[in-house]
Amino acid sequence: MNKDLAISISSGKFRKIREWNRRKNYYLKEVKLNIAIYIAKLIWDKRKKSTFDIKSIKTILLLRNEGTIGDMVVYSPLVRSLHESSYTIDVLLTKSSSVVMKYNPYVRNIYEAGDGSSEVYLRRFNHTVPDSTIKALNNNKYDLVIDPSLFDTPVHRMQLLHDINARSVLGFNKWNNINHYSNSLYFKRGKEHVTTAVSLIADCMEVNSISLHPYNLHLPDSILDEVRGYLHSWGNKTKVIINIFTGSPERCFSQEQLAKIIELINKTYADIEFILLDHRKEITLSLPDNVVINPFGTLHHVMALNHEADLVISPDTSILHMSAAWEKPLISVYKKVLNNNDLWAPGYANASQIIVQHRMMSEVEDIPERILQEINHRGLLECKQETL
């Protein structure tokens, strides 16, 4: 939940005052959140903390109802490893994010919570899981619920865990006096990548974290064949995917930046075909002949395009984590955000991370030039015409 927690400090006469006000406001938000958690605990917490007994665990529910696809992608290796260790795994996602696990063979059941904003997810007292789904989850009588929320405990967790009523719950950095959590692992806020949290859970469950698989995405052959058929006419041309959208307006590229990225690459390299991801249908640019907008309508078609791409360019969003599943050449652009850029970095050797210091990514004029510099530096594209 730290992705949008940027503390931008303005220069000038009132810099210290503005910095103090931002820090004060953040502190007050934390105080209000803690008060809400305490009230929710009084209403819905267990009277007694249960014992975490790994020998008695057979059925597990993984909570990933944040509503973001990337959160589930990074936990996909854990799902597979737990399955291969003979655990039965269900997942709770949201209506918008559940599709990412649709074809995953290592999950028994996929349940859906209602979609909501990050504010609803973190601060609302009541969860968004329908009554019929809650009844099914309760009837499953889980031995363990895994709650991967790292630094903030969502207020609704108290009610949700009460309603599911699993034998035990495993979490991170939770208050010791919250009895729902049978075991709370320590995850240090700082330079650690999110996959470290996955490894901590694996170790706790006595699944060798060293043997964890890469990100684990599943594509039906029919979809992969359809995408390959579409791309066949391009022959040996280099396929570059560009995404400019994220779930936060502050992290999106502008269409002017998109146009400049295409222009710079076209001026420098030959035999390039661009595929633009535009699930919002908002791109209104007049596009060169070698640029197409993704003609497919499903997330798994986007995965397949990613699977077949030679280069992916994107701001900080789930597309990056899909690229990591196949270790695709990637150039990512992040805002400088406290405790985010290491935690949610692409996390593999074939990826670059450009970090910009500005509240609005769309206002950083040199992003296209910095992307091209990274392409040149890493030698990511062939058929180079000239060196800048």
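Going by the structure above, here's the rest.
Residues numbered from 1 in each chain as written. Predicted model: local features only at pLDDT ≥ 70, side-chain atom pairs only at ≥ 80, totals over all residues. Heavy atoms only, no water.

A.B. asks: Account for the overall build of the protein chain, naming residues and giving values.
C.D. replies: Each helix and strand in the protein chain was counted, giving eleven helices and twelve strands. Taken over C-alpha atoms, the radius of gyration comes to 22 Å for the protein chain, in line with the 21 Å a tight globule of 388 residues would show. Summarising its shape, the C-alpha atoms of the protein chain cover approximately 70 × 60 × 35 Å along the three principal directions. Evaluated residue by residue, the protein chain yields a buried proportion of 54% over its 388 residues. Expressed as a percentage of contacts within the protein chain between residues at least 6 apart in sequence, the contacts between residues at least 24 apart total 65%. Summed over all atoms, the accessible surface of the protein chain reaches about 18,400 Å², with 48% contributed by carbon and sulfur. If the 47 positive side-chain charges of the protein chain are averaged to one point and the 43 negative ones to another, these points end up 9 Å apart. (Helix = DSSP H or I, 4+ residues; strand = E, 2+ residues; numbered from the N terminus. Rg over C-alpha atoms; globule rule 2.2 N^0.38 Å. Buried < 20%, exposed > 50% of the residue type's maximum accessible area, 1.4 Å probe, protein only. Contact = heavy atoms within 4.5 Å. Areas by Shrake-Rupley, 256 points an atom, 1.4 Å probe, with all protein chains shown as cover. Lys, Arg positive; Asp, Glu negative; His and termini not counted. Charge placed at Lys NZ, Arg CZ, Asp CG, Glu CD.)

A.B. asks: Requested: an account of the packing of helix α2 (residues 69-84) against helix α6 (residues 194-204), with residues and values cited.
C.D. replies: Between α2 and α6, the shortest axis-to-axis distance is 10 Å and the interhelical angle comes to 25°. By the criterion of interaxial angle, the relationship of α2 to α6 is roughly parallel. The two elements α2 and α6 meet at a crossing, and its hand is right-handed. Across the interface between the two elements, V74, Y75 and L78 from α2 touch V194, A197, V198, I201 and A202 from α6. The residue makeup of the contact of α2 with α6, split by class, is eight nonpolar, no polar and no charged. (Axes fitted to C-alpha atoms, helices over the stretch in contact; angles between N-to-C directions. Parallel < 35°, antiparallel > 145°, perpendicular 65-115°, else oblique. Left-handed = near helix turned anticlockwise from the far one by under 90°. Nonpolar A, V, L, I, M, F, W, Y, C, P; charged D, E, K, R; others polar.)

A.B. asks: How would you sum up the pattern of salt bridges? Please name residues and give values.
C.D. replies: Pairing of side chains with opposite charge becomes possible as their charged atoms draw close. Taken as a whole and assessed by the stated rule, the structure comprises 15 salt bridges. As a salt-bridge pair, E84 and R80 come within 2.9 Å of each other at their nearest N and O atoms. Remark: R80 and E84 occur in helix α2; sequence separation between them is four residues, near one turn of the helix. The salt bridge partner of E273 is K237, with a shortest N-O separation of 3.3 Å. Here E273 is found in strand β8 (residues 272-277), whereas its partner K237 is found in the loop between α7 (221-231) and β7 (238-243), with 36 residues between them in sequence. In this structure E273 comes out as buried when scored by relative accessible area, which is 8%. Because the salt bridges share partners, they merge into one network encompassing E250, K335 and R359. (Salt bridge = Lys/Arg side-chain N within 4 Å of Asp/Glu carboxyl O.)

A.B. asks: Can you tell me about the side chain of E66, naming the residues and giving the values?
C.D. replies: With respect to the helices and strands, E66 occurs in the loop between β1 (59-63) and α2. On the basis of relative accessible area, E66 is assigned to the buried category, the value being 11%.

A.B. asks: An account of the environment of I272 is needed here, citing residue identities and associated values.
C.D. replies: Its location among the elements puts I272 in strand β8. A residue is classified by how much of its surface remains accessible, and I272, at 4% relative accessible area, is buried. For the pair I272 and K237, spaced 35 residues apart in sequence, the C-alpha separation works out to 5.6 Å. Excluding its chain neighbours within four sequence positions, the residues that come into contact with I272 are T238, V240, I265, N290 and L381.

A.B. asks: Outline the sheet that holds β7, supporting the account with residue identities and numerical values.
C.D. replies: Strands sit in the order β9-β8-β7-β10-β11-β12 across an open sheet of six strands; the sheet is parallel. Unpaired on one side and paired on the other, β9 (291-293) and β12 (351-356) mark the two borders of the sheet. Across the sheet, the axes of successive neighbouring strands diverge by a mean angle of 20°, strand direction being ignored. Pairing between β7 and strand β10 (residues 311-315): three bridges, direction parallel. Opposite I241, over in β10, you have V312 as the bridge partner. Sitting on the sheet, helix α10 (residues 318-325) touches β7, β8, β10 and β11 (330-335), and the angle it makes with β10 is about 150°. (Pairing = 2+ DSSP bridges.)

A.B. asks: Describe the packing of aromatic side chains, and please don't skip the residues or the numbers.
C.D. replies: For the structure on display, the rule yields four aromatic pairs. Ring centres 6.3 Å apart and planes at 80° place the aromatic pair F172 and F187 in the edge-to-face group. Separated by 15 residues along the polypeptide, F172 in strand β5 (residues 168-172) and F187 in the loop between β6 (183-185) and α6 bring together distant segments of the chain. Residue classification places F172 among the buried residues on the basis of a relative accessible area of 1%. Exposure remark for F187: the relative accessible area of 2% places this residue in the buried category. Each residue in the set F151, F172 and F187 is aromatic and connected to the rest through ring pairs, giving one cluster. Sitting over the ring of Y75, R64 keeps its end group 4.7 Å from the ring centre. Above the plane of the ring of F151 lies R189, whose end atom (NZ or CZ) is 4.2 Å from the centre. (Phe/Tyr/Trp six-rings, centres within 6.5 Å; stacked < 30°, edge-to-face > 60°. Lys NZ or Arg CZ within 6 Å of the ring centre and 35° of its normal.)

A.B. asks: Tell me about the pairing of β5, and name the residues and values.
C.D. replies: Along β5, five of the five residues are buried, which leaves the element largely enclosed by surrounding structure. The two faces of β5 match: S168, L170 and F172 on one face and V169 and G171 on the other face are all buried. Looking at chain direction, strand β4 (residues 144-146) and β5 are connected through three bridges and run parallel. Paired with L144 across the bridge in β5 is S168. Once the chain exits β4 it traverses helix α5 (residues 157-164) before rejoining the sheet at β5, and the crossover so formed is right-handed. In the sheet, β5 pairs with β6 via three bridges, with the strands oriented parallel. Within β6, the residue paired with F172 across the bridge is L185. (Right-handed = clockwise from strand over helix to strand, strands pointing away.)

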